[in-house]
There are 2 protein chains.
Amino acid sequence: MSEPGAGGESLLFLTDEQLRKGIEAMFFAYRGFTADPDRILDGLDYGRAHHRALHFIHRSPGTTVNNLLNILGVTKQSLNRVLRGLLDDGLVESRVGKQDKRERHLFLTARGAELERQLSDAQRARMRAAYRAAGPVAVQGFRQVLEAMMDPEMKRQYLALKESGA
Amino acid sequence: MSEPGAGGESLLFLTDEQLRKGIEAMFFAYRGFTADPDRILDGLDYGRAHHRALHFIHRSPGTTVNNLLNILGVTKQSLNRVLRGLLDDGLVESRVGKQDKRERHLFLTARGAELERQLSDAQRARMRAAYRAAGPVAVQGFRQVLEAMMDPEMKRQYLALKESGA
DNA sequence: CTTGGAAAGTCAACAAGGCTGACGTAACTT
DNA sequence: AAGTTACGTCAGCCTTGTTGACTTTCCAAG
């Protein structure tokens, strides 16, 4: 409160106390962020890892396993377990690459797309409510801070996805 | 970037596409958010769950086990496993309540406070950098959206902590 | 055409950190 | 005296992450 001169606000909001609040906001908000899809998945035989896979396959149809590995940041063994369930249950389809036949291109089946939509709808509903409550200016700031918080590599992936869809 | 102008911003930012970007921003940013403390914990025998416990005990010294349970949103068995490690290693101290002797009040020891500080410093450094990069207005919006995203109960807990420290 | 290496898949074993259910004890409340 | 609350603990389970080792398939360079 007693930063003498020095541009005031630009220093004031960087106190440890302010930063701690931001940290706790992230913690509590992320819980809300995942709560709705988790509730839906609870009945089914799937978990949050399946949701993530469905999301990014939906987002980038035809993506390879390696792409997905990089985006999700897990080992291929870990992803494989999850992907296997989705393939076996016919929610995801894997097609051998045309150029490179070693690669597998992943697509959602109709049933996979249906579950993905169900999960997304729940998550989007909360996001939409939060955006509405906070307003456009806040949303802009929200996205700016989140982008600045990402690791450079993650940010690259995020921006690549972001632009490919815009 | 390529948002085609239009004063429709107040509607435009609620398209599914915009919401999806927000969802992915949360996903990638949360990874960054936890990356630094995780790296520190990797060497030690502790995990993210220990970090959370240390954080909230530091934040609210003397908090009871039940309080912590509610804040963290896990079962007592799950918390107990984590807390036991911290107690056995002398990072956390448990004192029997004066009014109600059933309660255990939790405190960080000097060593516990030291580890907590180390973890917090790493996490705060990233948060500080993100705040600096985005600026005060963005930070305000960031916090507004996160608060709006929390479950009402979580938000209550968040605000209670927030005010007690302000 | 052979060979090196990349992409993918698989098996096995393990750890962290969630969960449920059941049970015990001490202490407060009615 | 009986019931409830706070805490701890045992036992077992699940999801999702990890390493390490190994195979198959295939592209590409020698």
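Conventions adopted
- Residues numbered from 1 in each chain as written.
- Chains lettered and ligands numbered in written order.
- Predicted model: local features only at pLDDT ≥ 70, side-chain atom pairs only at ≥ 80, totals over all residues.
- Heavy atoms only, no water.
- Least-squares fit on C-alpha atoms with pLDDT ≥ 70 in both.
- Contact = heavy atoms within 4.5 Å.
- Pairing = 2+ DSSP bridges.
- Helix = DSSP H or I, 4+ residues; strand = E, 2+ residues; numbered from the N terminus.
- Near = heavy atom within 4 Å.
- Polar contact = N/O pair within 3.5 Å; in protein donor to acceptor, adjacent residues only side chain to side chain.
- Nonpolar A, V, L, I, M, F, W, Y, C, P; charged D, E, K, R; others polar.
- Axes fitted to C-alpha atoms, helices over the stretch in contact; angles between N-to-C directions.
- Parallel < 35°, antiparallel > 145°, perpendicular 65-115°, else oblique.

A few words on the relation of the copies chain A and chain B. Taken as rigid bodies, chain A and chain B are interconverted by a rotation of 180° and an axial shift of 0.0 Å, the fit giving an RMSD of 0.0 Å. The two molecules are tied by a two-fold rotation axis, judged by turn and shift. Nearest to the rotation axis, the C-alpha of A:Phe142 is located 1.8 Å from it, this being the minimum over chain A. The fraction of interface residues of chain A whose copies in chain B are also interface residues reaches 98%, indicating that both copies meet through the same surface.

Another point: the sheet that holds strand β2 (residues 92-96) of chain A. In sheet architecture, strand pairing relies on hydrogen bonds along the backbone and comes in two forms, parallel and antiparallel. Residues and elements named next belong to chain A. One open sheet accounts for three strands, arranged β1-β3-β2; its pairing is antiparallel. The sheet terminates laterally at β1 (63-64) and β2, the two strands that pair on one side only. As paired elements, β1 and strand β3 (residues 104-108) share two bridges and run antiparallel to each other. Of the residues in β3, the one forming a bridge with Thr63 is Leu106.

Okay, the protein's contact with DNA strand C next. In the vicinity of DNA strand C lie 25 residues, with A:Lys76, B:Gly47, B:Arg52, B:Thr75 and B:Gln77 positioned nearest. Counting only atoms of DNA strand C within 4 Å of the protein, the sugar-phosphate share comes to 57%. Separating a phosphate oxygen of DNA strand C from a backbone N or O atom of A:Asn66 is a distance of 3.2 Å. One of the side-chain N or O atoms of A:Lys76 is found 2.5 Å from a base oxygen in DNA strand C. Here the residues of the surface near DNA strand C sort into three nonpolar, eleven polar and eleven charged.

Attention now goes to the packing of helix α3 (residues 48-59) of chain A against helix α6 (residues 110-134) of chain A. All names here are of chain A. It is at 10 Å that the axes of α3 and α6 come closest, and there the two elements cross at 105°. The angle between α3 and α6 places the two elements in the roughly perpendicular class. Contact with α3, carried on its side by His51, Leu54, His55 and His58, involves Gly112, Leu115, Glu116, Leu119 and Gln123 of α6 and no other residues of that element. Classifying every residue of the contact of α3 with α6 gives three nonpolar, five polar and one charged.

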